[in-house]
Amino acid sequence: LSLAGQLFAATRIDLDGTGWTFKTTLEEKASDVVVPHCWPASEQYRRYIGVGTYERDFDSPAVKLGTVVRLHFDAVYDVASVWLNGRKLGMHAGGYTPFEFDVTKVLKPGMNHLLVEVDNTPTLSTIPAIASSHGSRDYPAYGAAAGEGIVGWMPYGGIVRPVSLLLTNAVYLRNMKIDAMPNLLRRDAKITVRAWIHKIGRAHV
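Residues numbered from 1 in each chain as written. Predicted model: local features only at pLDDT ≥ 70, side-chain atom pairs only at ≥ 80, totals over all residues. Heavy atoms only, no water.

Chemist: Before we go on, may I ask you to explain the sheet that holds strand β9 (residues 111–119) in this structure?
Modeler: Remark on secondary structure: sheet strands pair via backbone hydrogen bonds, oriented parallel or antiparallel. Sheet architecture is open: 6 strands sit in the order β3-β2-β4-β9-β6-β7, paired in antiparallel fashion. Each of the sheet's edge strands pairs with one partner strand only, and the pair in question is β3 (31–35) and β7 (87–93). Sheet twist, expressed as the average angle between the axes of neighbouring strands with direction ignored, equals 25°. Both strand β6 (residues 79–84) and β9 contribute to a ladder of 6 bridges, which runs antiparallel. Across the sheet, L84 pairs through a bridge with L114, a residue of β9. (Pairing = 2+ DSSP bridges. Helix = DSSP H or I, 4+ residues; strand = E, 2+ residues; numbered from the N terminus. Axes fitted to C-alpha atoms, helices over the stretch in contact; angles between N-to-C directions.)

Chemist: What am I meant to see in the side chain of D78 here?
Modeler: Within the secondary structure, D78 is located in the loop between β5 (67–73) and β6. Buried and without a salt bridge, D78 has R161 as its closest oppositely charged side chain, separated by 11 Å. Not counting residues within four places of it along the chain, the set of residues in contact with D78 comprises H92, A93, G94, G95, V118, D119, N120 and T126. (Buried < 20%, exposed > 50% of the residue type's maximum accessible area, 1.4 Å probe, protein only. Lys, Arg positive; Asp, Glu negative; His and termini not counted. Salt bridge = Lys/Arg side-chain N within 4 Å of Asp/Glu carboxyl O. Contact = heavy atoms within 4.5 Å.)

Chemist: Where do I start with the sheet that holds strand β1 (residues 11–14) in this structure?
Modeler: If you walk across this open sheet you meet the 4 strands as β1-β12-β5-β8, and the pairing is antiparallel. Looking at which strands have only one partner, the edges of the open sheet turn out to be β1 and β8 (99–102). Along the sheet, successive strands turn relative to each other by an average axial angle of 25°, direction set aside. Direction of pairing for β5 relative to strand β12 (residues 163–169): antiparallel, over a ladder of 7 bridges. Residue pairing across strands places V68 opposite T168, the latter belonging to β12.

Have a look at this one:
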């Protein structure tokens with residue numbers, strides 16, 4: 001493989017689909033769900049605001065020496081706290097951006113257990129935000145105390161986009177930005193490419 005091919009190369013193992021369970025703080029027993037999952041899409045949880053817990057077991061893939069394993073989430077709305085095999089990997093805030101964790105040393109042979117706590121509670125600084133209002137026509141005082149409402153839109157909650165394991169080399173291409181400035185008179189364009197090459201523990205642009 002060329003250097004570019006090595007940096008782009010990744011084996012993706014899907015962890016979405018079936019095999020997940022979900023419950024809120026109002027329940028003792030979890031229910032089977034399919035991820036991606038947005039709990040307000042269900043009438044039962046349409047107005048639920050708070051913490052929802054997702055869990056699933058999965059078999060570890062065969063990992064070659066020198067391979068890095070990243071647990072990748074395309075999006076979780078809104079604040080996610082993630083545990084693998086009882087160890088907290090970290091948290092992420094923001095329901096529209098992807099995030100990931102290096103799980104190379106946490107993954108164990110055989111069965112692994114993944115737990116994700118998701119909180120969709122609006123605050124004064126989140127989008128949507130909680131404010132003193134009476135909400136919208138569709139969501140009057142949505143999920144808030146009397147005299148308060150949620151500004152913007154419904155506070156979606158859940159693992160709203162796919163989840164996967166990514167197996168790569170220790171050095172990999174994390175992101176890329178391409179800017180094109182066309183010149184219609186000359187019928188050409190100036191293209192600028194910025195690539196973020198990441199090594200575990202260090203990043204280069």
